[in-house]
Amino acid sequence: MEQTVTVIGAGLAGCEAAWQLAQRGIHVRLLEMKPEKMTPAHTSGDFAELVCSNSFRADELTNAVGLLKQELRRLGSLIMECADANRVPAGGALAVDRAGYARMVTERICSHPCIEVVRTEAEELPEGEVIIATGPLTSDAFSAVIARLCADEGLHFYDAAAPIVTRESIDFDHAFFASRYGRGTPDYINCPLTQPEYEAFWNALCSAEEAEVHCFDDKGVFEGCMPVEVMARRGVDTLRFGPMKPVGLADPRTGEEPYAVVQLRKDNADGTLYNMVGFQTHLRFGEQRRVFGLIPALRDAAFVRYGKMHRNTYLNAPRLLDRYYRLRGMERVSFAGQMTGVEGYVESCASGMLVGLETARRFAGLPPLDFPQETAIGALGLYISGGAVSGNFQPMNVNFGIIAPLERRVKGKRNKNAAISARALECIEQIARRDADGAE
């Protein structure tokens with residue numbers, strides 16, 4: 001009888017898990033409720049849709065997420081292949097044309113002979129091996145299923161998306177192209193503000209009217225996706241040390257660093273759309289137009305998408321999941337993606353990769369690969385499954401702090417991070433060979 005794994009949810013994690021299983025000859029039944037039923041954050045029926053930024057973040061091996069991406073590439077990640085193929089200029093970061101990228105993922109998944117795509121909402125837990133990758137915006141019906149499985153251990157936080165404007169509506173008399181410190185190509189549009197302009201903007205932002213979000217308070221916001229107005233309320237200079245940091249950006253009109261700056265990053269391959277970097281928000285749409293219009297370069301900006309906020313749900317993973325992202329006590333059920341407490345596109349993809357590979361190993365009667373803490377993929381899984389204090393658990397981005405330290409001393413942070421990455425990639429090469437050989 002043909003072996004089948006049901007994957008629920010065709011986001012980044014679900015698609016990666018399905019792809020890894022299918023590539024190893026295992027039949028996958030992939031359930032996806034879009035476009036028949038949409039969430040508050042999704043706009044397309046395509047798979048692996050990016051609902052917030054179009055950036056997969058830093059791509060250098062001296063950065064933990066850069067290491068994680070390289071590990072995924074060496075293991076044959078579908079998500080990374082499609083992201084690389086739809087890359088748009090973003091300095092040292094990997095940013096993508098979000099529509100082209102999602103379309104490519106969808107086409108690859110739908111054309112794989114071992115993947116059966118079923119466009120339906122899951123309302124009950126299927127029999128057999130199941131991977132739940134429904135994401136933080138899981139439907140109410142299936143959220144109830146998860147709540148029963150997890151004995152009400154679920155948690156939540158709030159996530160916000162940044163606005164997108166058209167390039168042609170940007171006033172380039174008050175903007176310039178540059179990358180910070182002149183590194184790489186000048187891919188960002190920089191919108192400088194003087195001190196009086198910044199202070200007027202900050203005051204307007206702090207007093208602007210927010211959209212109503214049920215049960216929202218500032219404490220329920222994940223630090224990595226902090227709305228800009230919440231950040232502003234922490235102090236007049238908070239934004240100048242955060243998303244409006246001017247360091248390393250010289251205004252060609254003056255030759256000096258501006259008092260504050262808003263950076264815009266290309267959002268599509270044609271370069272007609274740009275998103276406001278770090279400007280996640282849940283202000284009312286009219287307030288966004290008014291307040292962001294105080295930025296000189298954006299006085300007449302045409303917004304094709306306003307920022308918005310939504311509630312995200314994630315599990316108390318240290319209590320519920322093992323290192324393979326399996327549900328303790330019901331090992332036929334695995335979770336993948338943001339719901340597990342990994343935060344970020346690449347981290348979600350990594351969880352799907354690990355679940356897909358380890359599930360395929362079990363189906364083949366082979367021992368687990370057991371990604372070690374020396375790798376970014378392994379460190380993330382180990383942290384999620386028990387490396388955090390479960391009573392104070394919140395979503396985690398990959399970072400060098402959770403990866404096993406070097407046994408030798410290396411001088412300099414960048415040199416140390418590069419050495420950790422080199423060691424990790426050696427481990428990944430060994431894991432890839434073991435997986436290909438089907439032997440320990």
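Relevant structure appears above.
Tallying secondary structure elements over the chain gives 12 helices and 17 strands in all. Relative to the 2.2 N^0.38 estimate, which gives 22 Å for 440 residues, the radius of gyration of the chain is 22 Å and therefore close to what a compact globule would have. The principal-axis extent of the C-alpha atoms belonging to the chain is close to 70 × 50 × 45 Å. Relative to its full complement of 440 residues, the chain shows a buried share of 57%. Accessible area for the chain stands at about 18300 Å²; split by element, carbon and sulfur atoms hold 49% of it.

Our next topic: the packing of aromatic side chains. Within this structure, the stated rule accounts for nine aromatic pairs. When the centroid spacing of 6.4 Å and the interplanar angle of 35° are considered together, the rings of Phe-201 and Phe-292 count as tilted. Linking Phe-201 in helix 6 (residues 195-207) with Phe-292 in helix 8 (residues 285-292), this pair joins segments that are 91 residues apart in sequence. In this pair, the class of Phe-201 matches that of Phe-292, namely buried. An aromatic cluster is present here, built from Phe-56, Tyr-101 and Tyr-345 joined pairwise through their rings. Here Arg-240 stacks its cationic end above the ring of Tyr-259, 3.8 Å away from the centre of that ring.

Time to look at the sheet that holds strand 1 (residues 4-8). Pairing is mixed in the open sheet, where six strands are placed in the order 6-2-1-7-17-16. The two strands at the open ends of the sheet, each matched to only one other strand, are strand 6 (115-119) and strand 16 (326-327). As paired elements, strand 1 and strand 2 (residues 27-32) share five bridges and run parallel to each other. Counterpart to Val-5 in the pairing with strand 2 is Val-28. Those strands touched by helix 5 (residues 140-149) are strand 1, strand 7 (129-132), strand 16 and strand 17 (330-335), and its axis lies near 115° from that of strand 7.

What follows covers helix 10 (residues 345-363). Since the α-helix turns once every 3.6 residues, residues separated by three or four places project in the same direction. For helix 10, which comprises 19 residues, the first-to-last C-alpha distance of 27 Å matches the rise-based estimate of 27 Å (1.5 Å per residue) to within 8%. Summarising burial for helix 10: 18 of the 19 residues are buried, a large majority. Backbone geometry just downstream of helix 10 places Gly-365 in the positive-phi region, at approximately 70°.

As a further point, take helix 4 (residues 98-110). The first and last C-alpha atoms of helix 4 sit 18 Å apart over 13 residues, in line with the 18 Å expected at 1.5 Å per residue. Among the residues of helix 4, those classed as buried are Arg-98, Gly-100, Tyr-101, Ala-102, Val-105, Thr-106 and Ile-109. Its side-chain oxygen at 3.2 Å from the backbone nitrogen of Ala-99, Asp-97 defines the N-terminal cap of helix 4.

The next point concerns the packing of helix 1 (residues 12-23) against helix 10. The geometry of helix 1 relative to helix 10 is characterised by a closest axis approach of 7 Å and an angle of 30° between their N-to-C directions. In terms of orientation, helix 1 and helix 10 fall into the roughly parallel class. Relative to helix 10, the crossing made by helix 1 is right-handed. Only Tyr-345, Ser-348, Cys-349, Ser-351, Gly-352, Met-353, Gly-356, Leu-357, Thr-359 and Ala-360 of helix 10 make contact with helix 1, whose side of the interface consists of Leu-12, Ala-13, Glu-16, Ala-17, Gln-20 and Leu-21. For the contact of helix 1 with helix 10, the class distribution of residues is nine nonpolar, six polar and one charged.

Counting 93 residues, the largest nonpolar core has Phe-56, Tyr-101, Val-105 and Phe-335 as its most contacted members. No other element matches helix 10, which puts 10 residues into this core. By size, the runner-up hydrophobic cluster in this structure holds 34 residues, among which are Leu-205, Val-262, Leu-283 and Ala-297.

Let us now look at the pairing of strand 12 (residues 260-266). Counting buried residues along strand 12, seven of its seven residues qualify, which places the element largely inside the surrounding structure. Burial along strand 12 is two-sided: Ala-260, Val-262, Leu-264 and Lys-266 and Val-261, Gln-263 and Arg-265, pointing in opposite directions, are all buried. Of the strand pairs in this sheet, strand 11 (residues 188-193) and strand 12 are connected by five bridges, and their pairing is antiparallel. Directly across from Asn-190, in strand 12, lies its bridge partner Gln-263. Alignment of strand 12 against strand 13 (residues 273-276), held across three bridges, turns out to be antiparallel. Residue pairing for strand 13: Leu-264 is matched across the bridge by Met-276. Connecting strand 12 to the antiparallel partner strand 13 that follows it, the hairpin turn spans six residues, and Gly-271 within it adopts a positive phi of roughly 75°.

In the structure shown here, the tally under the stated rule is 20 salt bridges. Between Lys-34 and Glu-49 there is a salt bridge; the shortest N-O distance is 2.8 Å. With Lys-34 in the loop between strand 2 and strand 3 (55-58) and Glu-49 in the loop between strand 2 and strand 3, this pair connects stretches of sequence that are 15 residues apart. Both residues of the pair, Lys-34 and Glu-49, belong to the buried class. Between Arg-290 and Glu-287 there is a salt bridge whose closest N-O contact spans 2.9 Å. Here Glu-287 and Arg-290 lie together in helix 8, a separation of three residues that amounts to about one turn. Residue classification places Arg-290 among the partly exposed residues on the basis of a relative accessible area of 42%. For Glu-287, a relative accessible area of 15% puts it in the buried group.

Each value, and the rule that gives it
Residues numbered from 1 in each chain as written. Predicted model: local features only at pLDDT ≥ 70, side-chain atom pairs only at ≥ 80, totals over all residues. Heavy atoms only, no water. Helix = DSSP H or I, 4+ residues; strand = E, 2+ residues; numbered from the N terminus. Rg over C-alpha atoms; globule rule 2.2 N^0.38 Å. Buried < 20%, exposed > 50% of the residue type's maximum accessible area, 1.4 Å probe, protein only. Areas by Shrake-Rupley, 256 points an atom, 1.4 Å probe, with all protein chains shown as cover. Phe/Tyr/Trp six-rings, centres within 6.5 Å; stacked < 30°, edge-to-face > 60°. Lys NZ or Arg CZ within 6 Å of the ring centre and 35° of its normal. Pairing = 2+ DSSP bridges. Contact = heavy atoms within 4.5 Å. Axes fitted to C-alpha atoms, helices over the stretch in contact; angles between N-to-C directions. Expected span 1.5 Å × (residues − 1). Polar contact = N/O pair within 3.5 Å; in protein donor to acceptor, adjacent residues only side chain to side chain. Parallel < 35°, antiparallel > 145°, perpendicular 65-115°, else oblique. Left-handed = near helix turned anticlockwise from the far one by under 90°. Nonpolar A, V, L, I, M, F, W, Y, C, P; charged D, E, K, R; others polar. Core = buried A, V, L, I, M, F, W, Y, C linked by side-chain atoms within 4.5 Å. Salt bridge = Lys/Arg side-chain N within 4 Å of Asp/Glu carboxyl O.

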